[in-house]
Amino acid sequence: MTFRIYPYLRASTKEQDAERAKNTLIEFAKSKGHSLSVFFIENVSGASLERPKLFEMLNIMQPGDVILIESVDRISRLNREDWETLKSIIMGKHLRIVSLDLPTSHMIFDVNDELTSRIMDGVNSMMLETLAAMARQDYIERRRKQKEGIERAKAKTPEKYLGRKPNKERHKLICELLEAGLSYRRINKLSGASDYLITYCKNTYFDNI
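Residues numbered from 1 in each chain as written. Predicted model: local features only at pLDDT ≥ 70, side-chain atom pairs only at ≥ 80, totals over all residues. Heavy atoms only, no water.

Asker: Would you take a moment to explain the overall build of the chain for this structure?
Answerer: When its secondary structure is counted, the chain shows 7 helices and 4 strands. Reading the helices (α) and strands (β) of the chain from amino to carboxyl end gives β-α-β-α-β-α-β-α-α-α-α. Buried positions account for 34% of the 209 residues belonging to the chain. Long-range pairs, those at least 24 residues apart, make up 67% of the contacts in the chain with a sequence separation of at least 6. A total accessible area of about 13600 Å² is found for the chain, and carbon and sulfur atoms account for 52% of it. (Helix = DSSP H or I, 4+ residues; strand = E, 2+ residues; numbered from the N terminus. Buried < 20%, exposed > 50% of the residue type's maximum accessible area, 1.4 Å probe, protein only. Contact = heavy atoms within 4.5 Å. Areas by Shrake-Rupley, 256 points an atom, 1.4 Å probe, with all protein chains shown as cover.)

Pasting the structure below:
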């Protein structure tokens, strides 16, 4: 059976190493007699469907090609509606997903007849549904615990969560520069303020004089 393998790596934030499992995927493919070249890597939440690299990869893939991932949650922590959207794209292009945490998906590399291949596709589809649902639930549970942790921290040390105090001296300088008729660009260079802050100061100052 001839197909191309497209490895996809994802981490939720820029602080996380999206390439952490790169060598693991390379070694796995090698153990199955395949090599990997182009990797599609991005730092985006698995709960978001807005993933440029994922869709760039899907766009160039052909029927029968394989998406190789470390675990199902790398491709989906999506809600049900978004998961159905992504799944319909994958199924519509007749692509297959091989995930290291789904052993039955590995059998695609050893199947040579159409009947067994179709049976395994059905089994893997059911397993993917279960794992995708579990990944979503894990995401929801983590968010709940994170929120509870923040609420507890706020209750213990509320002074840390009051937000940054406005820099009155900086605001005063911006207002003086505005009154002098300087442009946003010039004010930005002199004060380091963003256009948003300059506009805020402008509206606040001139609304109160």
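Asker: Looking at this structure, how should I read the packing of aromatic side chains?
Answerer: Here a ring pair, both rings aromatic, is described through the centre-centre distance and the interplanar angle of the planes. All chains considered together, the criterion is met by 3 aromatic pairs. Where Phe28 meets Phe109, the ring centres are 5.9 Å apart and the plane angle is 70°; that geometry is what we call edge-to-face. Here Phe109 lies in the loop between strand E4 (96-99) and helix H4 (114-156) and Phe28 lies in helix H1 (residues 22-31), a separation of 81 residues in the sequence. Among the aromatic residues, those joined into a cluster by ring pairs are Phe3, Phe28 and Phe109. (Phe/Tyr/Trp six-rings, centres within 6.5 Å; stacked < 30°, edge-to-face > 60°.)

Asker: How should the pairing of strand E2 (residues 40-43) be read in this particular structure?
Answerer: Remember that side chains alternate between the two faces of the sheet whenever the strand is regular. Residues Phe40 and Glu42 point to one face of E2 and are all buried, whereas Ile41 and Asn43, pointing to the other face, are not buried. What joins strand E1 (residues 5-11) to E2 is H1, and the crossover it makes is right-handed. (Right-handed = clockwise from strand over helix to strand, strands pointing away.)

Asker: Explain the nonpolar core to me, please; I cannot follow it from the model alone.
Answerer: What tends to happen in soluble globular proteins is that the nonpolar side chains get buried as a cluster. Met57, Leu58, Ile67, Ile75, Leu86 and Ile90 are the most contacted members of the largest nonpolar core, which totals 21 residues. Counting only elements with at least two residues in this core, the list comes to E1, helix H2 (52-60), strand E3 (66-69), helix H3 (80-92) and H4. With 14 residues, the next largest nonpolar core counts Leu9, Ala29, Phe39 and Phe109 among its residues. (Core = buried A, V, L, I, M, F, W, Y, C linked by side-chain atoms within 4.5 Å.)

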